[in-house]
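Topology and contacts: notes
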Amino acid sequence: MADEANRTAFLEIQASMIELTGKLKQVQNQMRNKEGDKKRAFLTLEELRPLPEDTNTYKFVLEPKAVLEAEQEQKLKDSEAAIASLQPSKEYLEKQIAEVENNFKELLQQEPAIAQQIMSMSV
């Protein structure tokens, strides 16, 4: 009976770890995408700023520099805000993963037989 309970606990911990790791990767990808957006907006602004104010620029159609510059500044701000809002989720998921890892370690310390079974399966 104890072996079955430990096996169930192990499977729950494993499923939790898989789920949390997937969520963390998703948040990290979102943050990476927003970092890219932020960098593109910053670089575009760096190219736009030295141009004279009356310069027309191309996005898809000819637009005044001020319109494109305002757009890029807004993208930069939006990306920074998105990254800031994703950071707490990332930190929360990292803490949850650490907690699951600790639960897993405790289970393995309490039941060395499970550790032996896992080791024999991975060989």
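Residue indices begin from 1 for each chain and proceed along its sequence in written order. Totals for whole chains, interfaces and linings use all residues, but because this is a predicted model, local features are given only for residues with pLDDT of at least 70 and pairs of side-chain atoms are given and counted only at 80 or more. Hydrogens and water are ignored here; the side-chain numbers use all heavy atoms of the structure.

Naming follows an unreviewed UniProt entry, where the protein appears as Prefoldin subunit 1 of Eutrema salsugineum. UniProt positions are given in the numbering used here, feature names are shortened, and annotations may be inferred rather than shown by experiment. Listed under Sequence similarities (unreviewed entry) in UniProt, the entry text for the protein is "Belongs to the prefoldin subunit beta family."

**What about the environment of Tyr-92?**
Relative to the helices and strands, Tyr-92 resides in helix α2 (residues 65-110). Relative accessible area decides the class of each residue, using a 1.4 Å probe on protein chains only: under 20% of the type maximum gives buried, over 50% gives exposed, and in between gives partly exposed. What makes Tyr-92 partly exposed here is its relative accessible area of 49%. As a C-alpha pair, Tyr-92 and Leu-20 span 72 residues in sequence and 10.0 Å in three-dimensional space. Only DSSP runs of H or I with at least four residues qualify as helices, and only runs of E with at least two residues qualify as strands; both kinds are numbered from the N terminus onward.

**Some remarks on the nonpolar core**
Counting residues in each nonpolar core, the largest one holds 13 residues, and the members touching the most others are Leu-20, Val-27, Met-31, Leu-93 and Leu-107. In this view, Leu-107 contacts Asn-6, Ala-9, Phe-10, Ile-13 and Ile-114; residues no more than four positions away in its chain are not counted. Here the nonpolar core consists of buried residues drawn from Ala, Val, Leu, Ile, Met, Phe, Trp, Tyr and Cys, with membership extended through side-chain atoms lying within 4.5 Å. Between two residues, a contact is recorded if the distance between any of their heavy atoms is within 4.5 Å.

**Focus on the side chain of Thr-57**
By secondary structure assignment, the location of Thr-57 is in strand β1 (residues 56-58). In this structure Thr-57 touches Leu-48, Leu-51, Leu-62, Glu-63, Pro-64, Lys-65 and Leu-68, once residues within four positions along its chain are discounted.

**Let's talk about the packing of aromatic side chains**
Stacked, edge-to-face and tilted labels apply to pairs of Phe, Tyr and Trp rings (six-membered ring for Trp) whose centres lie within 6.5 Å, assigned for plane angles under 30 degrees, over 60, and everything in between, in that order. Taken as a whole and assessed by the stated rule, the structure comprises one aromatic pair. Considering the side-chain rings of Phe-10 and Phe-104, the 5.5 Å spacing of their centres and the 40° angle between planes classify their relative orientation as tilted. Note that Phe-10 is positioned in helix α1 (residues 2-48) and Phe-104 in helix α2, a separation of 94 residues in sequence. Residue Phe-10 is classed as buried on the basis of its relative accessible area of 15%. We classify Phe-104 as partly exposed; its relative accessible area is 26%.

**A word on the pattern of salt bridges**
Basic side-chain nitrogens of Lys or Arg form a salt bridge, by our definition, when they fall within 4 Å of a carboxyl oxygen of Asp or Glu. If you walk through the whole model with that rule in mind, you get eight salt bridges. A salt bridge links Glu-19 to Lys-23; the shortest N-O distance between them is 3.1 Å. One end of the pair is Glu-19 and the other is Lys-23, both in helix α1 and four residues apart, which spans about a single turn. Judged by its relative accessible area of 46%, Glu-19 falls in the partly exposed class. If you follow the salt bridges from partner to partner, you end up with Lys-34, Asp-37 and Arg-40 in one network.

**Notes on the side chain of Glu-63**
Counting through the fold element by element, Glu-63 comes out in strand β2 (residues 62-64). Under the relative-accessibility criterion, Glu-63 is labelled buried at 16%. Excluding residues within four positions of it along the chain, Glu-63 makes contact with Thr-55, Asn-56, Thr-57, Leu-68 and Glu-71.

**Quick notes on the environment of Asn-29**
Among the secondary structure elements, Asn-29 is positioned in helix α1. In sequence terms Asn-29 and Phe-42 are 13 residues apart; their C-alpha atoms lie 20 Å from each other. Under the rule applied, a polar contact is a pair of N or O atoms within 3.5 Å (in protein, one hydrogen donor and one hydrogen acceptor; residues adjacent in sequence only if both atoms are side-chain atoms). A distance of 2.3 Å separates a polar atom in the side chain of Asn-29 from a polar atom in the side chain of Arg-32.

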